[in-house]
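Examination of the molecular architecture
Read off the chains here:
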Amino acid sequence: MARRIDVTGTGGVRLAAWEFGDPPKTDPAGSDPARDVPDGSPGVLLLHGLMGRASHWASTARWLSARYRAVALDQRGHGRSDKPPQGSFTRDAYVDDAEAALEQLGLAPVVLIGHAMGALTAWQLAAKRPDLVRGLIICDMRASALGAASQREWDQWFKSWPLPFATLADVRKWFGEDDPWVERPNPARGEFYAEVMAESPDGWRPVFDPEQMLRSRETWVYDAHWEELAQVRCPALVVRGLDGELGRAEAQEMVRVLPRGQYAEVADAGHLVHYDQPEAWRAAIEPFLDALSTD
């Protein structure tokens, strides 16, 4: 089961949060559902990557909900959250949104789990507000600068999409097989992108604005983010897919820089680690979560 809770991000942007598992006890006054009284379970906030959405965490959140109050957030510009045409898509905006969501949902002190851009948001928030974060899981996100060439490649990639897609089957086939960025058939990747498409009068299009995605990305690709990593004081786990975008050497350097860093990798997984190999992903992070619960 997934329950939608609307929260308010910085600048008044409406954000959709999704709680998995049984809802907590509610305020008998029947006030704002985002102010439900927590049931005492520790909180987990899951942050998707660029172009993702909260539903990409559904498998992870469902097993987490047996022990945690697990909430996945549609970040600004994504999923069911607002996509203001002139809105801010800076790093500060994403971090402030996550901070506001934690406080409105009553999740802190929380375990933050982030994939790609969501992982960067997670560790920047952990550095900014250590009082809100008790643990951090970083999934396949680099700390080094990616540079201008990377941003140009993404711009060209968005322009290569054969929009609109006639059917969802076409979406799955293009992103899972025909996309030039796909080295070998990857059905999980096709399914991942099918989840971020919506039907329009002329076919299937992404629920996000590609220009907003580029604006979001340009606020972090030109800079390195080692300094914020070094400021994270809580236990932190760096997870990479063996065939993902985060190389082993960089991942291990991230662990070294983190004051309380740990390392894990998932075989037969690409960048979409938690989506490619959900059971192996669970096996990689569960020992870390178990250790946190005994601290």
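The rules behind the values
- Starting afresh in each chain, residues are numbered from 1 along the sequence in its written order.
- Two thresholds apply to this predicted model, a pLDDT of at least 70 for residue-level local features and 80 or more for giving and counting side-chain atom pairs, whereas whole-chain, interface and lining totals are computed over all residues.
- Hydrogens and water are ignored here; the side-chain numbers use all heavy atoms of the structure.
- Strands are treated as partners if at least two bridges between them are detected by DSSP.
- To qualify as a helix, a DSSP run of H or I must reach at least 4 residues; to qualify as a strand, a run of E must reach at least 2; elements of each kind are numbered from the N terminus.
- Fitted lines through C-alpha atoms give the axes, limited to the stretch in contact for helices. The angle between two N-to-C directions lies from 0 to 180 degrees.
- Between two residues, a contact is recorded if the distance between any of their heavy atoms is within 4.5 Å.
- Each residue is placed in one exposure class: buried if its accessible area under a 1.4 Å probe, protein chains only, is under 20% of its type's maximum, exposed if it is over 50%, and partly exposed if it falls in between.
- Residues scored as positive are Lys and Arg, those scored as negative are Asp and Glu, and His as well as the terminal groups of each chain are ignored.
- The salt bridge definition used is simple: a Lys or Arg side-chain nitrogen within 4 Å of an Asp or Glu carboxyl oxygen.
- As used in this structure description, the phrase polar contact means that two N or O atoms lie within 3.5 Å; if the pair is within protein, one of them must be able to donate a hydrogen and the other to accept it, and residues adjacent in sequence are counted only when both atoms belong to side chains.
- Side-chain rings of Phe, Tyr and Trp (the six-membered ring for Trp) are treated as a pair once their centres are within 6.5 Å; stacked means planes under 30 degrees apart, edge-to-face means over 60, and tilted covers the remaining angles.

What to know about the sheet that holds strand S10 (residues 261-266)
Spatially, S1-S2-S4-S3-S5-S6-S9-S10 is the arrangement adopted by the eight strands of the open sheet, whose pairing is mixed. Lying at the two open borders of the sheet, with one neighbouring strand each, are strand S1 (2-8) and S10. Across the sheet, the mean angle from the axis of one strand to that of its neighbour is 20°, orientation sign disregarded. Here strand S3 (residues 43-47) runs beside strand S4 (residues 69-73); their pairing, made up of five bridges, is parallel. Looking at the pairing, Gly 43 lines up with Arg 69 of S4. Packing of helix H9 (residues 248-257) onto the sheet brings it into contact with strand S6 (133-139), strand S9 (236-241) and S10, and relative to S10 it is tilted by some 155°. Where helix H11 (residues 278-294) meets the sheet, it contacts strand S5 (110-115), S6, S9 and S10, and its direction lies at approximately 165° from that of S6.

Focus on the side chain of Asp 74
Tracing the backbone shows Asp 74 in the loop between S4 and helix H2 (91-105). With no salt bridge to any partner, buried Asp 74 finds its closest opposite charge in Arg 53, at an N-O distance of 4.7 Å. Polar side-chain contacts of Asp 74 include one of 2.7 Å to the backbone nitrogen of Ala 54. Here Asp 74 is in contact with Leu 15, Ala 16, Trp 18, His 48, Arg 53, Ala 54, Gly 79, Arg 80 and Ser 81, once residues within four sequence places are set aside.

A word on the packing of aromatic side chains
For any pair of aromatic rings, the description consists of the separation of the ring centres together with the inter-plane angle of the planes. Here the structure, examined in full by the defined rule, presents 18 aromatic pairs. Between Trp 161 and Tyr 193, the ring centres sit 6.2 Å apart and the planes meet at 80°, which makes this aromatic pair edge-to-face. Placement of the pair is Trp 161 in the loop between helix H4 (148-160) and helix H5 (168-178) and Tyr 193 in helix H6 (residues 187-194), with a sequence separation of 32 residues. Seen in terms of ring centroids, Trp 174 and Phe 175 are 4.9 Å apart; in terms of plane orientation they differ by 85°. Their pairing is edge-to-face. Taken together, Trp 154, Trp 157, Phe 158, Trp 161, Phe 165, Trp 174, Phe 175, Trp 181, Phe 192, Tyr 193, Phe 208 and Tyr 275 form an aromatic cluster joined through their ring pairs.

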